[in-house]
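# Structure at a glance
Here's the letter readout for the chains.
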Amino acid sequence: MTATTLAAPARRRLPLQLIGGWEVGLIVFMVLLYIAGVFINPKFFGQTDAFSAILRDTARYGVMAAGMTFVIINKDLDLSVGSTLGLVATVFSICFSKSYYDLGIGPSVIAAVLVGLGVGLVNGFFVTVLRVPSFITTLTMLFIGRGFVLGLTGGKTISYSEKALEAPWFFQIGETNALGFNNQILIFLAVTIVGMIVLAKTRWGYETYATGGNEMASIYAGIPTRRVRMRGYVLSALCATLAGLMNVAQDKGITSQYGQGAELIVIAAVIVGGASILGGRGRLLGGALGAILVVLIDKVLREGIPMTRTVKVGGVDMQVQGMAQLPPGAVPAFLGLILLIAVLIEPWIIRRNVFPRLWARLTGRPLPPIIEVGGVAIEGAQTKGSSASDSAMRARGPIGHFLARRDAAAIVLAILLWCVGLYLRPDFWGSIDNSFNLMLSFTEVGLLSIGMTYVIANGDIDLSVGSVLALSAATCAFLMKQMGFDPWTAVFIALMAGAAAGLVNALLTVGFGLPAFVATLGMFYMARGIGAWMTAGRQLSSFSETFNLLGRKLIDALTYFGIAPARGTLVYDIAAALSVQTIFMIVVAILAGIVLAKTPFGQMVYATGGNRRAAEYAGINSGRVRAISLVFSALCAACAGVIYVAFLRSFNPSAGQLRELDAIAAVIIGGGSIFGGYGTVLGALAGAAVIALIRALLSLQLILSNGQSFVMPQHWVNVFIGLILIVAVVGDIWLRQGDLAGTIRRRFFSRRAPAHGAARHV
């Protein structure tokens, strides 16, 4: 007779597809943070309605986080959710409002949903079919969407509180129900539960995890990865659409700032919730809890601390109640920091099994293995330059060699655009004043594009240049105005502040192995937030005239030093058309161009961007090359920030907004490749000239045949710049690298050849 041993009953475990230890830890941390909020500000967090208010404000971000979870697990990214929310809300508002189309609630909702669905399909098509990197596609859609919001609203507020009474069933979404909490919380809860089940228990979820974990293996297993990634973008856009409708139901109107900055909160929520930026990992419940945590942190930072001050009024001490709050910009800076910390936790804490290995060492148990990191997220294919190189080798004559250059198209386009301006307004376009203004707008983008050329040629990207410009400008203005520093000390410290931002970007990208777009996206928010924090969100002005000469015409500087040429001479006219900042940019461009084209370091940049692994096998320290390029890019942005203050003679917290898009577009238009390995300073400057000329043409006052004038509203300029960028990237991928024209030509002739042969045979 054999003895049988009964196995001990298994312990109940959490359903790990739905919830795990990370989510439990988030709940514990949120409870502790809320308790801290009660002690800091009992007037708000001590009320029974405080938690309901936090959940109400979380609801829209939580709904968007549900869609973003699918995208990030797919190993993609969607930076356009904030603009999608704003665009959907705008379309609904102009359809529903009596001041515009005055449609019913049904058609207005349908129009909004169709717009949101269209955004998701466009994002998915460009990423999956046209193979444009997801951060470029969705960043461009962010700016295009924001441009549409500003253009459609005209920068104004649209309100329809009276007409909202005609559709109480819809606008009740934003109201408090009989149970005492907002109905948006119910929608948030429903979306979260459905999303959890779909992601954890259905084929859609399994395909999403497989695609993000190993796309090539998923293809071999028969999973339609292109359709899976497209589905992720559609879900993300539809969730943003639902969030936009929730917003208008609550506010019964919109402003032109709707959805601005929401993408940071949503991405931070999903990453804080445990999703991996490397793809293949994450739970939807974690994204929902991450949204609650991020909003709770935002509330703790914004609500402030109650305080009592004693002031003398007529010799009598009086107690005045007040709130000690962080200055404007502090919250975005903290949220950017949270995003970076959350992204670092996954590869450096979770995948390395830090806490389990520490516990194993303390208890003397075998160490658990370190999880292998599969590579950086959203890393595109390397540049394929064979077609471009072959065409350059086959070129004959000086004109042929010029046209074979990757930057030739930008140079020709810049000349054509200038001729178009001259044709439209011959009385104004070629004047000295207009030439001076064109050079000024060109200089700022030109400086940014010079540094961006190095970064993109490396195969990286820098999304923070506009914010670094604002940071250095704020530093310089603050030191001169508030601290009393002399101009040149303030300029030096401002440049060092920009270089420090570049060092942080380099440390995160090279040292910690984060994708460059993630590291610089965090700096995008941190640098601008710190700049606004430093100046308390105020405009600063009244600087010394010596400093302001950096932004003046050359003739003004020569006059200031008493060496101005005689009026009416050619030298005087040239000095009146040129600016000090333009001369500075030309000097920087010449030096940077020589280094990139004629020195070993420049060849290391191209080698690193063309094939990083091969460059390292050849003995190139690719990490150092990438770090130097990122610091140089930030330093160029810092120089542009100082010049910005000198030219305007003031600092505005909105300095540098959208300039990162201009810089990236300038480099790509000028022949650079978004995947690295190509790019010239001359081409980047030609691309910057194209951007500056397009902006000037779009703002040109045209005289019509009836004597009236027409100027395009400037809200639409960003839409055109975004379209130009996406067209330039698609052209680089399919025309320069994929040799699409050559492929079509070869197929055409290969089909004609048999037909001719058959005809001769007959």
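Residues numbered from 1 in each chain as written. Predicted model: local features only at pLDDT ≥ 70, side-chain atom pairs only at ≥ 80, totals over all residues. Heavy atoms only, no water.

Basically, it comes down to this: UniProt positions are given in the numbering used here, feature names are shortened, and annotations may be inferred rather than shown by experiment.
Looking at an unreviewed UniProt entry, one finds the protein named Ribose transport system permease protein, with Kaistia dalseonensis as its source organism. According to UniProt, the comment filed for the protein under the heading Subcellular location (unreviewed entry) is "Cell membrane".

### Here's the deal with the overall build of the protein
What counts here: The helix count covers DSSP runs of H or I at least four residues long, the strand count covers runs of E at least two residues long, and both are numbered beginning at the N terminus. Under the scheme applied here, a residue whose accessible area is under 20% of the maximum for its type counts as buried, over 50% as exposed, and between as partly exposed, the area being computed with a 1.4 Å probe on protein chains only. Contact between two residues is taken to exist if any of their heavy atoms lie within 4.5 Å; hydrogens are not considered. Accessible surface is estimated by sampling points in the Shrake-Rupley manner with a 1.4 Å probe; for residues, cover comes only from the protein chains shown.
When you go through the protein residue by residue, the secondary structure sums to 33 helices and eight strands. Considering the protein as a whole, with its 762 residues, one finds that 52% of them fall into the buried category. Sequence-distant contacts, at least 24 apart, represent 76% of the contacts inside the protein between residues at least 6 apart. Accessible surface for the protein amounts to roughly 34900 Å². Of this, 67% is attributable to carbon and sulfur atoms.

### Thoughts on the side chain of K299
By the secondary structure assignment, K299 is in helix α13 (residues 284-303). Beyond its immediate chain neighbours, meaning those up to four positions away, K299 contacts F44, F45, I54 and D57.

### Thoughts on the pattern of salt bridges
How we decide: In the sections that follow, a salt bridge refers to a side-chain nitrogen of Lys or Arg positioned within 4 Å of a carboxyl oxygen of Asp or Glu.
Taken as a whole and assessed by the stated rule, the structure comprises 14 salt bridges. With a shortest N-O distance of 2.9 Å, D76 and R229 are connected by a salt bridge. One end of the pair, D76, is in the loop between α3 (49-73) and α4 (81-96); the other, R229, is in helix α11 (residues 225-251), with 153 residues separating them in the sequence. By the burial criterion, D76 is buried, and R229 matches it.

### What about the nonpolar core?
Here is the rule we go by: Think of a nonpolar core as a cluster: buried Ala, Val, Leu, Ile, Met, Phe, Trp, Tyr and Cys residues, connected wherever their side-chain atoms sit within 4.5 Å.
F92 and I664 are the most contacted members of the largest nonpolar core, which totals 198 residues. Ranked by the residues each element gives to this core, the list is headed by helix α31 (residues 681-698), at 14 residues. In this structure I664 touches I136, L139, M452, I456, I461, L463 and L725, once residues within four positions along its chain are discounted.

### Observations regarding helix α1 (residues 21-40)
As a reminder of what qualifies: A helix is expected to span 1.5 Å for every residue after the first. The reported arc concerns the directions from the helix axis to the C-beta atoms and nothing else.
Between its first and last C-alpha, α1 extends 29 Å over 20 residues, near the 28 Å set by a 1.5 Å rise per residue. Among the residues making up α1, those that are buried are E23, L26, M30, L33, Y34 and G37. Take α1 and look down its axis: the buried residues cluster within an arc of 105°, on one side only. What points out from α1, more than 90 degrees from its buried face, is the exposed set G21, L32 and F39. The elements touched by buried residues of α1 are α2 (42-45), α3, α12 (262-272) and α13.

### Notes on the packing of aromatic side chains
Definition in use: Pairing of aromatic rings covers Phe, Tyr and Trp, the last counted by its six-membered ring, and requires centre-to-centre distances within 6.5 Å; plane angles under 30 degrees mean stacked, over 60 mean edge-to-face, and any other angle means tilted. Should the NZ of a Lys or the CZ of an Arg lie within 6 Å of a ring centre and within 35 degrees of the ring normal, that charge is described as sitting over the ring.
Applying the stated criterion across every chain yields a total of 17 aromatic pairs. Its guanidinium or amino end placed over the ring of F96, K163 lies 4.3 Å from that ring's centre, counting from NZ or CZ.

### Here we look at unusual backbone geometry
Not every positive phi belongs to a glycine, and K75 is a case in point at roughly 75°. Here K75 shows up in the loop between α3 and α4. Not every positive phi belongs to a glycine, and R649 is a case in point at roughly 60°. Along the chain, R649 falls in the loop between α29 (622-648) and β6 (650-651). Relative accessible area serves as the criterion here: at 37%, R649 is assigned to the partly exposed category.

### Points about the environment of A564
On the secondary structure map, A564 appears in the loop between α24 (554-560) and α25 (570-577). Since its relative accessible area comes to 38%, A564 is described here as partly exposed. Separated by 10 residues in the primary sequence, A564 and L554 have C-alpha atoms spaced 9.2 Å apart. Contacts of A564, omitting those with residues within four sequence positions, involve I555, L558 and T559.

### Some remarks on the packing of α4 against helix α6 (residues 134-153)
Test applied: To get an axis, a line is fitted to the C-alpha atoms, and for a helix only the part in contact is used. The angle between two axes follows their N-to-C directions and goes from 0 to 180 degrees. Under this scheme an angle from 65 to 115 degrees is roughly perpendicular, one under 35 degrees roughly parallel, and one over 145 degrees roughly antiparallel; angles in between are oblique. Each helix crossing is assigned a hand: it is left-handed if the near helix lies turned anticlockwise from the far helix by less than a right angle, otherwise right-handed if that turn is clockwise. For this scheme, ten residues count as nonpolar: Ala, Val, Leu, Ile, Met, Phe, Trp, Tyr, Cys and Pro. Four count as charged, namely Asp, Glu, Lys and Arg, and the remainder, Gly too, count as polar.
As a packed pair, α4 and α6 sit with axes 8 Å apart at the nearest point and diverge in direction by 25°. Taken together, α4 and α6 sit at an angle that is classed as roughly parallel. By crossing handedness, the relation of α4 to α6 is classed as left-handed. On the side of α4, the interface is formed by G82, S83, G86, L87, T90 and I94, while α6 contributes M141, L142, G145, R146, F148, V149, L152 and T153. Classifying every residue of the contact of α4 with α6 by side-chain character gives seven nonpolar, six polar and one charged.

### Concerning the packing of α13 against helix α14 (residues 330-350)
Relative placement of two packed helices is described by the angle separating their axes and the distance separating the axes. For the pair α13 and α14, the least separation of the axes is 10 Å and the interaxial angle reads 145°. For the crossing formed where α13 meets α14, the hand is right-handed. Contacts between α13 and α14 involve V294, I297, D298, L301 and R302 on the former and, on the latter, V331, F334, L335 and I338. Looking at the contact of α13 with α14 residue by residue, the classes come out as seven nonpolar, no polar and two charged.

### Focus: the side chain of N123
What counts is decided by this rule: Polar contacts, as counted here, are pairs of nitrogen or oxygen atoms within 3.5 Å of one another; within protein the pair requires one atom able to donate a hydrogen and one able to accept it, and residues that are adjacent in sequence qualify only if both atoms are side-chain atoms.
Along the chain, N123 turns up in helix α5 (residues 105-129). Judged by relative accessible area, which is 1%, N123 ranks as buried. A polar contact of 3.1 Å, which involves the side chain of N123, links it to the side chain of S80. The contacts of N123, once residues within four sequence positions are left out, are D78, S80, T137, T138, M141 and Y233.

### Some thoughts on helix α21 (residues 487-511)
Every α-helix winds through 3.6 residues per turn, so residues three or four apart in the chain are directed the same way. In this model, α21 (25 residues) spans 35 Å end to end at C-alpha, consistent with the 36 Å of a helix rising 1.5 Å per residue. Positive phi shows up at G513, right after α21, with a value of about 75°.

### With respect to the state of the cysteines
Keep this limit in mind: Count a disulfide wherever a pair of cysteine sulfur atoms falls within 2.5 Å.
The final tally for this structure, using the stated rule, is zero disulfides. Not part of a disulfide, C639 finds its nearest cysteine sulfur in C636, a span of 6.3 Å. Under the relative-accessibility criterion, C639 is labelled buried at 15%.

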